[in-house]
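Listed here are the chains, written in short residue letters.
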Amino acid sequence: MERKRVMVTGGAGFLGSHLCERLLDYGHEVLCVDNFFTGRKANIAHLLDNPYFEFMRHDVTFPLYVEVDEIYNLACPASPVHYQADPVQTTKTSVHGAINVLGLAKRIRAKVFQASTSEVYGDPDIHPQPETYRGSVNTIGPRACYDEGKRCAETLFFDYHRQHKLRIKVVRIFNTYGPRMHPNDGRVVSNFIVQALKGQPITIYGKGTQTRSFCYVDDLITGFLKMMGTPDSFTGPVNLGNPGEFTIKQLAEMVIKLTGARSKLVYKPLPQDDPLQRCPDITLAKKALKWQPTIALEEGLKRTIDYFEKRLVDERSAVRPAKKPATRSR
Ligand SMILES: NC(=O)c1ccc[n+]([C@@H]2O[C@H](COP(=O)([O-])OP(=O)(O)OC[C@H]3O[C@@H](n4cnc5c(N)ncnc54)[C@H](O)[C@@H]3O)[C@@H](O)[C@H]2O)c1
């Protein structure tokens, strides 16, 4: 296979680090660009010795000049806790980040991939959501910095495609989970697992009857690579996610079973604009990419629980006070 030079923005994050790893496995050179806003050095530490891997600390809201064949644009905090911490920066990261990445792609004629999101559908009126659904987003709500930022980024991608004949690939990612998720960013899978492993009560917002679909990270990354490999005429947007729908309560019960925890369920009010149902229609991905998820929720949860178990052990041993030096007895 032809070795390509590939840039991954947001490469030190949850999805980005898995993508970098897979691209290296396939024999490509990887330039990982990240400002560590939500990413961690630990996510890419195992890649740093690889001669085909390079890391650049950079904020995508500023232009960058590099020579690459393909760009995956993943830079953006993805969880409400993080993207609402600095909403102006979130919109800037999506919009200015897209402008900078697209400007670079135009100059060097690189193919460019956008990690968009199911949040472009907002609180949807139809289920499951096909790509043709235009969405129902509250433009002034607390989630708008992320949702509207991502919508505007899609607009920019399609305008660069129409106006400058840029080769673009846009995917709309639905809830994805797996190792290297942030332990405390409020995303439901990591939240439940960490609470269960610490023996704490599991917090459910609302009645727990709202549904989500959960895609394991390895399946999603396969979808990214398949998308990048489609003919130039195929731009997307295409939904990537797992159409299996579970209620939040079912997820909590599964986590309790798999961790063997004795955690109780506690209920809190549903946050504003939290969608009640979210499920991808992946008909297009099946047809155009010959892609569909293969890893069942229970299997993916086991792998994720293993990761968090190890991480919690590492964190505990890191904070344990050093042993006092032995004093000589007289
Ligand atoms: N994980 C999901 O379920 C999901 C769902 C929908 C969309 N997405 C999208 O996928 C992408 C990756 O998400 P993730 O789950 O890996 O989140 P993440 O927070 O782990 O990763 C985002 C990465 O982007 C970096 N970043 C943020 N702002 C930056 C900036 N201005 N300049 C450079 N780097 C910056 C962060 O440091 C981090 O490493 C995001 O664009 C997100 O919107 C993810």
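In this numbering scheme, every chain counts its residues from 1 along its sequence in written order. Local features in this predicted model are restricted to residues of pLDDT 70 or higher, and side-chain atom pairs are both shown and tallied only at a pLDDT of 80 or more, whereas totals for entire chains, interfaces and linings draw on every residue. Values reported for side chains reflect all heavy atoms of the structure, with hydrogen atoms and water molecules removed beforehand.

J.: Got a minute to help me understand the pattern of salt bridges in this structure?
T.: For side chains bearing opposite charge, pairing can occur when the charged atoms are close. Criterion for a salt bridge: a side-chain nitrogen of Lys or Arg within 4 Å of a carboxyl oxygen of Asp or Glu. Within this structure, the stated rule accounts for 14 salt bridges. Two residues, glutamate 154 and arginine 172, come together in a salt bridge whose shortest N-O distance is 2.7 Å. In this pair, glutamate 154 sits in helix H5 (residues 144-164) while arginine 172 sits in strand S6 (residues 168-173), placing the two residues 18 residues apart along the sequence. No difference in accessibility class separates glutamate 154 from arginine 172, as the two residues are buried. Salt-bridge contacts for glutamate 315 lead to arginine 311; the nearest nitrogen and oxygen are separated by 3.1 Å. Placement of the pair is glutamate 315 and arginine 311 together in helix H10 (residues 297-319), with a separation of four residues, close to one helical turn. Residue burial is assigned from relative accessible area. The probe radius is 1.4 Å, only protein chains are included, and a residue is buried under 20% of its type maximum, exposed over 50%, and partly exposed in between. For glutamate 315, a relative accessible area of 36% gives the class partly exposed. Among the residues examined, arginine 311 registers a relative accessible area of 12% and is labelled buried. Within the structure, one salt-bridge network assembled from shared partners comprises Arg5, Glu29 and Glu54. Only DSSP runs of H or I with at least four residues qualify as helices, and only runs of E with at least two residues qualify as strands; both kinds are numbered from the N terminus onward.

J.: Teacher, can you tell me more about the site of the ligand here?
T.: Taken together, 31 residues surround the ligand, and among them Asp34, Thr38, Tyr146, Lys150 and Arg187 come closest. Pairs of N or O atoms within 3.5 Å make up the polar contacts considered here, provided that, within protein, one atom can donate a hydrogen while the other can accept it, and that residues adjacent in sequence are counted only when both atoms are side-chain atoms. Between the ligand and valine 60, the relevant distance is 2.9 Å, taken from a nitrogen atom to a main-chain nitrogen or oxygen of the residue. Between an oxygen atom of the ligand and a main-chain N or O atom of leucine 74, the distance comes to 2.8 Å. Each accessible area is a Shrake-Rupley estimate made with a 1.4 Å probe; only the visible protein chains count as cover when residues are assessed. When the free accessible area of the ligand is taken as 820 Å², the share hidden by the protein chains comes to 98%. Sorting the residues of the shell around the ligand by element identifies helix H1 (14-25), helix H4 (87-108), strand S5 (111-117) and H5 as the ones contributing at least two each. For this classification, the nonpolar set comprises Ala, Val, Leu, Ile, Met, Phe, Trp, Tyr, Cys and Pro, the charged set comprises Asp, Glu, Lys and Arg, and every other residue, Gly included, is treated as polar. Along the lines of polarity and charge, the residues of the shell around the ligand split into 14 nonpolar, 13 polar and four charged. If even one non-hydrogen atom of a residue comes within 4 Å of a molecule or strand, that residue is called near it.

J.: I keep staring at the packing of H1 against helix H7 (residues 217-228) and nothing clicks. Help me out?
T.: The relative placement of two packed helices is expressed as an angle between their axes plus a distance between the axes. Interhelical geometry of H1 versus H7 gives an angle of 60 degrees and a closest axis separation of 10 Å. On the basis of the axis angle, H1 is oblique to H7. Considering only the axes of H1 and H7, their crossing is right-handed. Contact residues: Phe14, Leu15, His18, Leu19, Arg22 and Leu23 in H1; Val217, Asp218, Leu220, Ile221, Thr222, Phe224 and Leu225 in H7. Each axis is a line fitted through C-alpha atoms, and for a helix only the stretch in contact is used; angles between axes span 0 to 180 degrees, taken between their N-to-C directions. Oblique is the label for any angle not covered by the other classes, which are roughly parallel (under 35 degrees), roughly antiparallel (over 145) and roughly perpendicular (65 to 115). By convention, the crossing between two helices is left-handed when the near helix turns anticlockwise from the far helix through less than a right angle, and right-handed when the turn is clockwise. Working rule for contacts: check all heavy atoms of both residues, and any pair within 4.5 Å makes them a contact.

J.: Explain the sheet that holds strand S1 (residues 5-9) to me, please; I cannot follow it from the model alone.
T.: The criterion for strand pairing is that DSSP finds at least two bridges linking the strands in question. Strand order in this open sheet of seven strands is S3-S2-S1-S4-S5-S6-S11, and the pairing throughout is parallel. Where the open sheet ends on each side, the last strands, each with one partner, are strand S3 (53-57) and strand S11 (238-240). Each neighbouring strand pair of the sheet contributes to a mean axis angle of 20 degrees, computed without reference to strand direction. Pairing analysis gives five bridges linking strand S2 (residues 29-34) to S3, with the strands arranged parallel.

J.: Any chance you could explain the packing of aromatic side chains here in plain terms?
T.: Aromatic ring pairs are defined here through the distance separating the ring centres and the angle between the ring planes. Each Phe, Tyr or Trp ring (for Trp, its six-membered ring) is paired with any other whose centre lies within 6.5 Å, and the angle between the two planes then decides the class: stacked below 30 degrees, edge-to-face above 60, tilted in between. On inspection of all chains with the given rule, the structure shows eight aromatic pairs. Look at phenylalanine 36 and phenylalanine 55: their rings are 5.0 Å apart centre to centre, the planes differ by 25 degrees, and that puts the pair in the stacked class. Of the two residues, phenylalanine 36 sits in the loop between S2 and helix H2 (41-44) while phenylalanine 55 sits in strand S3, which places them 19 residues apart along the sequence. Between tyrosine 177 and tyrosine 216 the ring centres are 5.5 Å apart and the planes differ by 70 degrees, which places this aromatic pair in the edge-to-face class.

J.: Help me understand the nonpolar core in this model?
T.: Generally speaking, nonpolar side chains in soluble globular proteins are found buried as a group. For this analysis, a nonpolar core means a set of buried residues of the types Ala, Val, Leu, Ile, Met, Phe, Trp, Tyr and Cys, connected via side-chain atoms within 4.5 Å. Ranked by size, the top nonpolar core spans 61 residues in total, and within it Leu19, Tyr72, Phe113, Val189, Phe192, Phe224 and Leu301 carry the most contacts. The dominant element in this core, judged by the number of residues it contributes, is H7, at seven residues. Non-local contacts of leucine 301, meaning those with residues more than four positions away in its chain, are made with Tyr177, Val189, Ile193, Leu251, Met254, Val255 and Leu258. One finds Leu64, Ala98, Ile108 and Ala153 within the second-largest nonpolar core, a separate group that totals 26 residues.

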